[in-house]
Amino acid sequence: MTNNEVKTIFDRIAPVYDRLNDWLSLGQHRIWKEMTVKWSGAKPGDTSLDLCCGSGDLSFVLARRVGLTGQVFGVDFSPQLLEVAKSRTQSQYPRSPITWIEADILNLPFDDDRFDAATMGYGLRNVTSIPQSLKELHRVLKKGARAAILDFHRPSNPQMRVFQQWYLDNLVVPIASHMGVKEEYAYISPSLERFPTGVEQVEIGRQVGFTSVTHYPLMNGMMGVLVLTKF
């Protein structure tokens, strides 16, 4: 799938993105996002980056972590999702230190060694080049900075794989169909098949320059957080 095709999908699902994430994660994605921000090591006063920010969930959690003395840059290539994020800021988080930027994760508009911490939620699986996206992430992080990347995975356990596929086919896709975005959400299953395993992600992270890389499986391997540190 090309970059433009992925962008088109996310532009189309923007109006129902948050509700479908609740269904897809059995309502647990907000807990995992809190864990992801904690793993990023973001602290008060930090300048933080949220890649593939979508409608802003992780950006808002980061903003609470860094406080009014810090900064958060939420980056996404979907203008429609960024509009949702901006509207949420105005209504729910008017004092958040967040700057929303439309940009491509493969070519970030930031200087080297800029950020103290970074997050990404459900974005790595959809980029057209995982090594290039992690290389860009490595470039913009300061030395000693950490990034935490949350995403869905195919579990290695055969029974869990069967359950995950049943859940996608019988709950997620029908709900997406009811909301008028069936084709857009049918892409999830093939994207999971293509997505590198946690072990493979660790290897890619090391290849692009991260010296400390760990993958933490969640939900019996159906979810995971990749934590990378730049030294």
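Computed from a predicted model, the values in this text were never measured in an experiment.

Caption draft 1: Spatial organisation of the packing of aromatic side chains. For the coordinates displayed, the defined rule picks out 9 aromatic pairs. When the centroid spacing of 4.0 Å and the interplanar angle of 15° are considered together, the rings of F60 and Y93 count as stacked. Taken together, the positions of F60 in helix α4 (residues 57–66) and Y93 in the loop between α5 (79–92) and β3 (98–102) put the pair 33 residues apart, joining distant regions of the chain. In this structure F60 comes out as buried when scored by relative accessible area, which is 1%. Judged by relative accessible area, which is 22%, Y93 ranks as partly exposed. With a centroid separation of 5.7 Å and 70° between ring planes, the pair formed by F73 and F110 is classed as edge-to-face. Here F73 is found in strand β2 (residues 71–76), whereas its partner F110 is found in the loop between β3 and β4 (115–121), with 37 residues between them in sequence. Relative accessible area serves as the criterion here: at 8%, F73 is assigned to the buried category. Classification of F110 by relative accessible area gives buried; the value is 7%. Members of the aromatic cluster, each reached through a chain of ring pairs, are F60, Y93 and W100.

Caption draft 2: Region of the structure containing the pattern of salt bridges. Considering all chains together, one arrives at 12 salt bridges under this definition. Where D57 meets K33, a salt bridge forms, and the shortest distance between an N and an O atom there is 2.9 Å. Linking D57 in helix α4 with K33 in helix α3 (residues 29–40), this pair joins segments that are 24 residues apart in sequence. Taken as a pair, D57 and K33 share a single burial class, namely buried. What emerges from the salt-bridge pattern is a single network uniting K33, D57 and R88.

Caption draft 3: Broad picture of unusual backbone geometry. Backbone geometry at Y122 places phi at a positive 60°, although glycine is not the residue there. Mapped onto the fold, Y122 is located in the loop between β4 and α6 (130–140). The buried category is assigned to Y122, whose relative accessible area is 6%. Backbone geometry places N220, a non-glycine residue, at a positive phi of 55°. When you line up the elements, N220 lands in the loop between β6 (212–218) and β7 (223–229). A relative accessible area of 60% means that N220 is categorised as exposed.

Caption draft 4: View of the pairing of strand β1 (residues 47–51). Burial of β1 is extensive: 5 of the 5 residues sit out of reach of the surface. Burial along β1 is two-sided: the face carrying T47, L49 and L51 and the face carrying S48 and D50 are both buried. Across 5 bridges, the pairing between β1 and β2 is parallel. Bridging across to β2, L51 finds its partner in V75. Handedness of the β-α-β unit built from β1, α4 and β2 comes out right-handed. Direction of pairing for β1 relative to β4: parallel, over a ladder of 4 bridges. Among the inter-strand pairings, L51 is bridged to a residue of β4, identified as M120.

Analysis parameters
Residues numbered from 1 in each chain as written. Predicted model: local features only at pLDDT ≥ 70, side-chain atom pairs only at ≥ 80, totals over all residues. Heavy atoms only, no water. Phe/Tyr/Trp six-rings, centres within 6.5 Å; stacked < 30°, edge-to-face > 60°. Helix = DSSP H or I, 4+ residues; strand = E, 2+ residues; numbered from the N terminus. Buried < 20%, exposed > 50% of the residue type's maximum accessible area, 1.4 Å probe, protein only. Salt bridge = Lys/Arg side-chain N within 4 Å of Asp/Glu carboxyl O. Pairing = 2+ DSSP bridges. Right-handed = clockwise from strand over helix to strand, strands pointing away.

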